[in-house]
Amino acid sequence: GAYMESERRNARKFQIEDPIWSSINETHICYEVVSDLLLDDISKGSKTEVMFATHNKISIEHVIEKMEEGNISRDSKNVSFAQLLGMGDHLSFALGKGGYRAYKYLPFGGVEQVVPYLLRRVQ
């Protein structure tokens, strides 16, 4: 949802199909399908590396379940998780405590750059 309004505005401006799913459920399904593809690739020995940067607990649980199904270790260098500092800290701490590679990220830049970025996170 971070770029939902600007993406819709750009689609109208350039007269292209709206790239945003029409429901949150469709968004979650898409996220799961793509995460499954990446994790399946990793489970087959690919050098693919992915960071699941989400604050959505259900999405994280889905990724963990697929990691287990694909015999991808918790500390695999191919899979990590990230949340914005100050958001989803309970998720990051639980992931880290559980042995997963969990990161906090901090936006860097001038106020005029950082504030709009942070505001988009709460849309």
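Check the entry above for the structure.
Keep in mind that this is a model prediction, so the values were computed, not measured.

Student: When you look at the packing of aromatic side chains in this model, what are you seeing that I'm missing?
Tutor: Centre distance and the angle of the planes are the two values used to describe a pair of aromatic rings. Overall, the coordinates contain 3 aromatic pairs when judged by the stated rule. The interplanar angle of 40° and the centroid separation of 6.1 Å between the aromatic rings of F52 and F81 together place this pair among those described as tilted. Of this pair, F52 sits in strand β1 (residues 50-53) while F81 sits in strand β2 (residues 79-84), placing them 29 residues apart in sequence. Across the pair, exposure class does not vary: F52 and F81 are buried alike. Ring centres of F81 and Y100 lie 5.9 Å apart, and the angle between their planes is 90°; on these two criteria the pair is classed as edge-to-face. Note that F81 is positioned in strand β2 and Y100 in the loop between α4 (89-97) and β3 (102-105), a separation of 19 residues in sequence.

Student: Any chance you could explain the side chain of S59 here in plain terms?
Tutor: Here S59 lies in helix α3 (residues 57-69). When neighbours within four sequence positions are excluded, S59 is seen to be in contact with H28, Y31 and T54.

Definitions and limits used
- Once a new chain begins, its residue numbering starts again from 1 and follows that chain's sequence as written.
- It should be noted that, the model being predicted, local features are given only for residues of pLDDT at least 70 and side-chain atom pairs only at 80 or more, the latter also being counted only at that level, while totals for whole chains, interfaces and linings use all residues.
- The side-chain figures draw on all heavy atoms in the structure; neither hydrogens nor water molecules are used.
- Centre distance within 6.5 Å is the pairing criterion for rings of Phe, Tyr and Trp, where only the six-membered ring of Trp is used; planes under 30 degrees apart are then read as stacked, over 60 as edge-to-face, and the remainder as tilted.
- Strands here mean DSSP runs of E at least two residues long; helices mean DSSP runs of H or I at least four residues long; both are numbered from the N terminus.
- To sort residues, take the accessible area from a 1.4 Å probe on protein chains only and compare it with the maximum for the residue type: under 20% means buried, over 50% means exposed, and anything in between is partly exposed.
- Between two residues, a contact is recorded if the distance between any of their heavy atoms is within 4.5 Å.

Spatial relationships are all this shows, so hold off on functional conclusions.
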